[in-house]
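# A look at the structure
Listed below, chain by chain, are the residues.
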Amino acid sequence: MPKVSISLDAELVVEAMVLAGIGNPQDAVEAVVRDYIARGHRTEARTASREEPLRTGRLTPPEPEQG
């Protein structure tokens, strides 16, 4: 995979390292970016599943109560 080099504020990187519990700056920033992307995908999936009935016009009946 191609690599990209960027400059970041040192305090920002140290904070990311501390919060991620990772001692290597490269790995810490990579973990933070991967987490951010994963959260975005989860949000998209949740939003899409809620909007699906509105988009398709297919309403699903509510599930019967258990117990």
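Below is a summary of the structure that appears in this document. For clarity, every value in this text was computed on a predicted model and none was experimentally measured.

## Quick word on the overall build of the chain
In terms of helices and strands, the chain carries two helices and zero strands. Surface exposure of the chain reaches about 6500 Å², of which carbon and sulfur atoms provide 57%.

## A word on the pattern of salt bridges
Summed over the entire model, instances satisfying the criterion amount to two salt bridges. For Arg-34, the salt bridge goes to Glu-30, with nearest N and O atoms at 3.4 Å. Of this pair, Arg-34 and Glu-30 both sit in helix H2 (residues 25-56), four residues apart, roughly one helical turn. On the basis of relative accessible area, Arg-34 is assigned to the exposed category, the value being 53%. Of the charged contacts, one joins Arg-39 and Asp-35 as a salt bridge, the two residues approaching to 3.0 Å between their closest N and O atoms. Separated by four residues within a single helix, Arg-39 and Asp-35 lie in helix H2, roughly one turn from each other. Arg-39 gets classed as partly exposed once you look at its relative accessible area, which sits at 49%.

## Overview of the environment of Met-17
Topologically, Met-17 is positioned in helix H1 (residues 10-20). For the pair formed by Met-17 and Ala-31, sequence separation is 14 residues and the distance between their alpha carbons is 9.4 Å. Among residues more than four places away in sequence, those in contact with Met-17 are Ile-22, Gly-23, Asn-24, Pro-25 and Ala-28.

## Some points on a nonpolar patch on the surface
Side chains of Val-4, Ile-6, Leu-8 and Leu-12 sit close together on the surface and give an oily, nonpolar patch of about 430 Å² of accessible area. Take Leu-12: it is sitting in helix H1. Residue Leu-12 is classed as exposed on the basis of its relative accessible area of 51%.

## Topic: H1
Restricting attention to buried positions, one finds in H1 the residues Val-13, Ala-16 and Met-17. Viewed along the axis of H1, the buried residues span an arc of 100°, placing them on a single side of the element. In H1, the exposed positions angled more than 90 degrees off the buried face are occupied by Glu-11, Leu-12, Val-18 and Leu-19. Directly beyond the C-terminal end of H1, a positive phi value near 70° is found at Gly-21.

Cut-offs used in this document
- For every chain, the first residue of its written sequence is number 1, and the numbers climb from 1 along that sequence.
- In view of the model being predicted, local features appear only for residues whose pLDDT reaches at least 70, and side-chain atom pairs are presented and counted only at 80 or more, with totals across whole chains, interfaces and linings using the full set of residues.
- Calculated side-chain values reflect all of the structure's heavy atoms, with hydrogen atoms and water omitted.
- Runs of H or I in DSSP of at least four residues are treated as helices and runs of E of at least two as strands, each being numbered from the N terminus.
- Method for areas: the Shrake-Rupley scheme with a 1.4 Å probe, in which residue coverage is limited to the protein chains shown.
- Every case where a carboxyl oxygen of Asp or Glu lies within 4 Å of a side-chain nitrogen of Lys or Arg is listed as a salt bridge.
- Accessible area is worked out with a 1.4 Å probe on protein chains only. A residue is then buried under 20% of its type maximum, exposed over 50%, and partly exposed in between.
- The contact rule is simple, with two residues in contact once any of their heavy atoms fall within 4.5 Å.
- For patch building, the residue pool is restricted to those with more than 30% relative accessible area and no salt bridge; the joining distance is 9 Å between like charges and 5 Å between nonpolar side chains (Val, Leu, Ile, Met, Phe, Trp, Tyr).
- Working definition: the arc comes from the directions between the helix axis and the C-beta atoms, pointing outward to the latter.

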